[in-house]
Amino acid sequence: MGLSPLVIAVKDIRQNGEETRYTSVERLRFLGMVKYDNLIKVTLRSTPRTVEGEVDSPGGVRLDYRFALAERDGGTEVEDTLVVHAWNGPLLGYAAKKARQVQLARAGILASRLG
């Protein structure tokens, strides 16, 4: 919570060894007026230097992601890789645009938290 401007809730958290699964509630707005709460299934796996996983949305959108951390010039470099899959072009375009907005917002949130 707090790293994505779309996520309003997280529930059904289950941990099994190195893997965590949960349901995330994303609040989407269409045309600025129509509100839709999208329940997505999230799987996370982490090591000391990476976080990776998958997101499955009921609308047929799937995201594969990986955050890799590396020491760089006295700080930390974050490589944020996101691959978006969808069953048709317009949906893929919409999902990719939203995912990019979240990715950029997350970078700003992390930068402000870390000073």
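Up top is the structure.
The numbers attached to residues start from 1 for each chain and follow its sequence in the written order. Per-residue local features of the predicted model are confined to residues with pLDDT of at least 70, and side-chain atom pairs are confined, for both listing and counting, to 80 or more; whole-chain, interface and lining totals are unaffected and use all residues. Note that the side-chain values use all heavy atoms of the structure and ignore hydrogens as well as water.

**Some details on the nonpolar core**
The tendency in soluble globular proteins is for nonpolar side chains to be buried as a group.
(1) Moving on: Among the buried residues, those of types Ala, Val, Leu, Ile, Met, Phe, Trp, Tyr and Cys that are joined through side-chain atoms within 4.5 Å form a nonpolar core. To sort residues, take the accessible area from a 1.4 Å probe on protein chains only and compare it with the maximum for the residue type: under 20% means buried, over 50% means exposed, and anything in between is partly exposed. Core analysis: the biggest nonpolar cluster contains ten residues, these being Tyr22, Ile40, Val42, Val55, Val61, Leu63, Tyr65, Val84, Ala95 and Ala99.
(2) Moving on: Labels follow the DSSP assignment, with helices taken as runs of H or I lasting at least four residues and strands as runs of E lasting at least two, numbered in each case from the N terminus. Listed by contribution, the elements that provide at least two residues to this core are strand S3 (34-46), strand S5 (62-72) and helix H1 (89-114).
(3) Moving on: Apart from residues lying up to four places away in sequence, Val84 is in contact with Val61, Arg62, Leu63, Leu92, Ala95, Ala96 and Ala99. The contact definition used throughout considers only heavy atoms, calling two residues in contact when any of these lie within 4.5 Å.

**Description of the pairing of strand S6 (residues 75-85)**
(1) Moving on: Bridge count between S5 and S6: eleven bridges; the pairing is antiparallel. Bridge pairing in S6 places Arg62 opposite His85. What makes two strands pair is DSSP finding at least two bridges between them.

**What to know about the environment of Thr47**
(1) Moving on: The topology assignment puts Thr47 in the loop between S3 and strand S4 (50-56).
(2) Moving on: Placed 35 residues apart in sequence, Thr47 and Asp12 show a C-alpha to C-alpha distance of 22 Å.

**Describing the pattern of salt bridges**
(1) Moving on: By convention in these notes, a salt bridge is any Lys or Arg side-chain nitrogen within 4 Å of a carboxyl oxygen on Asp or Glu. With the rule as written, the count across this model stands at ten salt bridges.
(2) Moving on: The salt bridge partner of Arg62 is Asp64, with a shortest N-O separation of 3.3 Å.
(3) Moving on: Overall, Asp64 belongs to the partly exposed group, its relative accessible area being 23%.
(4) Moving on: Across the pair Arg72 and Glu77 runs a salt bridge whose closest N-O atoms are separated by 3.0 Å.
(5) Moving on: Arg72 gets classed as partly exposed once you look at its relative accessible area, which sits at 43%.
(6) Moving on: Residue class for Glu77 comes out partly exposed when judged on its relative accessible area of 36%.

**Details of unusual backbone geometry**
(1) Moving on: A positive phi is found at Asp12, a non-glycine position, where the angle reads about 55°.
(2) Moving on: Looking at where Asp12 falls in the secondary structure, it is placed in strand S1 (residues 7-16).
(3) Moving on: Classification of Asp12 as partly exposed rests on a relative accessible area of 47%.
(4) Moving on: The phi dihedral of Asp73 is positive, around 50°, even though this residue is not glycine.
(5) Moving on: Considering the arrangement of structural elements, one finds Asp73 in the loop between S5 and S6.

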